[in-house]
Amino acid sequence: MIAGDISLSSSTFSFHGDARLSASSTRLMGTPLAFQSALPSQSAKLMRRLVVYSKRISGLEEAIRIRRERELRTSTTSKRRPPLRRGRVSPGLPVPDHIPRPPYVGTKLLPDIAEEHQIHDAEGLARLRAACELAARVVDYGGTLVRPSVTTNEIDKAVHQMIIDAGAYPSPLGYGGFPKSVCTSVNECMCHGIPDSRQLQDGDIINIDVTVYLNGYHGDTSKTFVCGNVSPAMKRLIKVTEECMYKGIDACQDGALFRKIGKKISDHAERFGFNVVDRFVGHGIGTVFHSEPLIYHHRNDKGGRMVEGQTFTIEPILTFGTTDCITWEDNWTTLTADGSPAAQFEHTILITRTGAEILTKYEEVIESAEEKL
């Protein structure tokens, strides 16, 4: 017999002298329990197993909590770095007249989200692939420029030049009045940071978000880069955010529910103690910059299924702390409300019958020694 009360950490199970479970407490971690008629010896064995299991779960939670607190204490970027301040924003850069513009250029009105899902014929898909490959090359080039003392305005200028040299238009420039050719979001900036005169500091992280308009199609991608010596906690945030993006992509294929993307991302983020921002979403993309379907990165119950041939972005944002945000007076730059760091990754993908193809990528061409001779 078991003397006294034994309660598990969840306070759901309480055992008394006859080792009976209440009717409302018949499942532990998804496993059914039906032991009200158990003999005393069986009850004792059961209790030993349950107590050991409870200690294991409690120990795991405690280890995660301790690691999390240690990371936050040692994260100089989140604890000691001064809040992000806006620098001087210079005028947008010119685009040669021969380069085609998206239809929204020339008006400061923010375009509506198009209701049509974008599915492309063979020619359209070829053009979209070219735009996405260019965007992928540009964002990687922008990442090579990240180092202490470089300004985000200098990154914007270099990225702008690479885009127009390729005969493309930088999609953010003039979108709803956005004044620059790329988004640069530093530290606690969730997204839509406007390049300015602020110099990057050792230990910063920066997301560079590139979209190009080439031959009538938009290609959209972003990555978070480190500047100098970044704390282990910040590196973990970046790593898990990228992993979350790929978890979301892995959930995609013809006929799959859109909400599976948010579940996969949330499950992975929460496993490491991070939070998924729910305000900003992925979107359909192609000839139109932003269209349906809207892609929710957090756990949700939205309806709808993916269709072969669809193209859209997956672009989760993770934070150390709150997912609440504040937006500067420029109506673009959005920061975490508590000043905790944020990271983001983004790919444009194509839904196929059996999965998803990442379009914002490219293959390096490495010449052999014989080819160079």
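Heads up: the structure comes first, above all this text.
Okay, so let's go over this structure. (Residues numbered from 1 in each chain as written. Predicted model: local features only at pLDDT ≥ 70, side-chain atom pairs only at ≥ 80, totals over all residues. Heavy atoms only, no water.)

**So, the pattern of salt bridges**
Side chains carrying opposite charge are able to pair once their charged atoms draw close together.
Here is step 1 of the chain: Counted by the stated rule, this structure contains nine salt bridges.
Here is step 2 of the chain: Residues Glu-243 and Lys-239 are paired through a salt bridge, measuring 2.4 Å at the closest nitrogen-oxygen approach. Placement of the pair is Glu-243 and Lys-239 together in helix H5 (residues 232-250), with a separation of four residues, close to one helical turn.
Here is step 3 of the chain: By relative accessible area, which is 51% here, Lys-239 ends up exposed.
Here is step 4 of the chain: The salt bridge partner of Lys-263 is Asp-267, with a shortest N-O separation of 2.8 Å. Of the two residues, Lys-263 and Asp-267 are both situated in helix H6 (residues 259-271); the distance of four residues between them amounts to about one turn of the helix.
Here is step 5 of the chain: On the basis of relative accessible area, Lys-263 is assigned to the partly exposed category, the value being 46%.
Here is step 6 of the chain: Where salt bridges share partners, they join Lys-263, Asp-267, Glu-270 and Arg-299 into one cluster. (Salt bridge = Lys/Arg side-chain N within 4 Å of Asp/Glu carboxyl O. Helix = DSSP H or I, 4+ residues; strand = E, 2+ residues; numbered from the N terminus. Buried < 20%, exposed > 50% of the residue type's maximum accessible area, 1.4 Å probe, protein only.)

**Focus: the side chain of Asn-187**
Here is step 1 of the chain: Among the structural elements, Asn-187 can be located in the loop between strand S6 (183-186) and strand S7 (189-191).
Here is step 2 of the chain: A polar contact is formed between the side chain of Asn-187 and the side chain of Asp-204, at a distance of 2.8 Å.
Here is step 3 of the chain: Residues in contact with Asn-187, not counting those within four places in the same chain, are Arg-81, Arg-198, Asp-204, Ile-205, Met-234, Pro-341 and Ala-342. (Polar contact = N/O pair within 3.5 Å; in protein donor to acceptor, adjacent residues only side chain to side chain. Contact = heavy atoms within 4.5 Å.)

**Quick look at the packing of aromatic side chains**
Aromatic rings in a pair are described by how distant their centres are and how their planes are angled relative to each other.
Here is step 1 of the chain: For the coordinates displayed, the defined rule picks out six aromatic pairs.
Here is step 2 of the chain: With a centroid separation of 4.9 Å and an interplanar angle of 90 degrees, the aromatic rings of Tyr-104 and Tyr-175 are classed as edge-to-face. Here Tyr-104 is found in the loop between helix H2 (76-79) and helix H3 (122-144), whereas its partner Tyr-175 is found in the loop between strand S5 (169-170) and S6, with 71 residues between them in sequence.
Here is step 3 of the chain: Residue classification places Tyr-175 among the buried positions, given a relative accessible area of 9%. (Phe/Tyr/Trp six-rings, centres within 6.5 Å; stacked < 30°, edge-to-face > 60°.)

**Structural notes on the sheet that holds strand S10 (residues 275-276)**
Here is step 1 of the chain: Pairing within the open sheet is antiparallel, and its three strands lie in the order S10-S14-S17. Lying at the two open borders of the sheet, with one neighbouring strand each, are S10 and strand S17 (342-344).
Here is step 2 of the chain: When strand S14 (residues 317-319) meets S17, the two strands line up antiparallel, connected through three bridges. Note that in S17 the partner of Leu-318 across the bridge is Ala-343. (Pairing = 2+ DSSP bridges.)

**Some points on the layout of surface pockets**
In this approach the atoms are scanned with a rolling probe the size of a water molecule, which exposes any empty space left behind.
Here is step 1 of the chain: In this structure, the largest pocket encloses a volume near 690 Å³.
Here is step 2 of the chain: For the largest pocket, the lining is made up of 26 residues, of which Tyr-175, His-192, Phe-280, His-290 and Trp-332 are closest to its centre.
Here is step 3 of the chain: Taken together, the elements giving at least two residues each to the lining of the largest pocket come down to strand S8 (205-214) and strand S11 (282-284).
Here is step 4 of the chain: Class assignment of the residues belonging to the lining of the largest pocket gives a composition of 13 nonpolar, nine polar and four charged. (1 Å grid on protein atoms, 1.4 Å probe; cavity = no way out; pocket = protein on both sides within 12 Å on 5 of 7 lines; lining within 4 Å. Points joined across faces, edges and corners; volume = space filled by probe spheres on them. Nonpolar A, V, L, I, M, F, W, Y, C, P; charged D, E, K, R; others polar.)

**Some thoughts on empty space enclosed by the protein**
Here is step 1 of the chain: Evaluated as defined, the whole model comprises one cavity of 30 Å³ or more.
Here is step 2 of the chain: Empty space within the largest cavity amounts to approximately 120 Å³.
Here is step 3 of the chain: If you go around the largest cavity, you meet 14 residues; those closest to its centre are Leu-84, Thr-184, Ile-194, Asp-196 and Trp-328.
Here is step 4 of the chain: Tallying contributions element by element places S6 first for the lining of the largest cavity, with three residues.
Here is step 5 of the chain: Within the lining of the largest cavity, the residues separate by chemical class into five nonpolar, five polar and four charged.

**Considerations on the sheet that holds S7**
Here is step 1 of the chain: Taken together, the three strands give an open sheet; going across it, the order is S7-S16-S15, and neighbouring strands pair in antiparallel fashion. Edge positions in the sheet fall to S7 and strand S15 (325-327), since each has one partner strand and no second. For this sheet, the mean inter-axis angle between neighbouring strands, taken without regard to orientation, is 40 degrees.
Here is step 2 of the chain: Pairing geometry for S15 and strand S16 (residues 334-336), over three bridges, is antiparallel. Pairing of Thr-327 across the sheet is with Thr-334, part of S16. (Axes fitted to C-alpha atoms, helices over the stretch in contact; angles between N-to-C directions.)

Everything listed is a geometric property; what it means functionally is a separate question.
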